[in-house]
Amino acid sequence: MTDDELIVEFALTRLDNPGLDLEEVAALVVRRVGPERMLEFAGLTLAHRDELRGAVFPAAVEHVLRVVLTLRGPRD
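In this report, we go over the structure that sits alongside the text. All figures in this text were calculated on a predicted structure; none of them were measured in a lab. (Residues numbered from 1 in each chain as written. Predicted model: local features only at pLDDT ≥ 70, side-chain atom pairs only at ≥ 80, totals over all residues. Heavy atoms only, no water.)

Here helix 4 (residues 56-72) contains 17 residues, and its C-alpha end-to-end distance of 24 Å stays within 8% of the 24 Å for a straight helix at 1.5 Å per residue. When we look at burial in helix 4, the residues that qualify are A59, A60, V61, H63, V64, L65, V67 and V68. G73 sits one or two positions beyond helix 4 and adopts a positive phi of about 80 degrees. (Helix = DSSP H or I, 4+ residues; strand = E, 2+ residues; numbered from the N terminus. Expected span 1.5 Å × (residues − 1). Buried < 20%, exposed > 50% of the residue type's maximum accessible area, 1.4 Å probe, protein only.)

Here you go:
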């Protein structure tokens, strides 16, 4: 999944759940994309942190948040 596809998935999930904060929306995205993508996202987070192991779900959520906040850019 590309970063652009992830952003679209995040935006659609946020539209469906407007009352949730960013981390809760990211958690829903991770649940929606399935176990294979969850592992992929977690692996990317652990590689970014230079760690060998960690909890899969929180690491996957962290990846989604990192992509969203990076592409969102600095707030004015």
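Moving on to the packing of helix 3 (residues 35-49) against helix 4. For the pair helix 3 and helix 4, interaxial distance at closest approach is 7 Å and the crossing angle is 75 degrees. In terms of orientation, helix 3 lies roughly perpendicular with respect to helix 4. On helix 4, the residues that touch M38, L39, F41, A42, L44, T45, H48 and R49 of helix 3 are V56, F57, A59, A60, E62, H63, V64 and R66. When its residues are assigned to classes, the contact of helix 3 with helix 4 shows 10 nonpolar, three polar and three charged. (Axes fitted to C-alpha atoms, helices over the stretch in contact; angles between N-to-C directions. Parallel < 35°, antiparallel > 145°, perpendicular 65-115°, else oblique. Contact = heavy atoms within 4.5 Å. Nonpolar A, V, L, I, M, F, W, Y, C, P; charged D, E, K, R; others polar.)

Next up on the list: the pattern of salt bridges. Summed over all chains, the structure comprises five salt bridges. Where R49 meets E62, a salt bridge forms, and the shortest distance between an N and an O atom there is 2.5 Å. Of this pair, R49 sits in helix 3 while E62 sits in helix 4, and the two are 13 residues apart along the sequence. Relative accessible area serves as the criterion here: at 32%, E62 is assigned to the partly exposed category. (Salt bridge = Lys/Arg side-chain N within 4 Å of Asp/Glu carboxyl O.)

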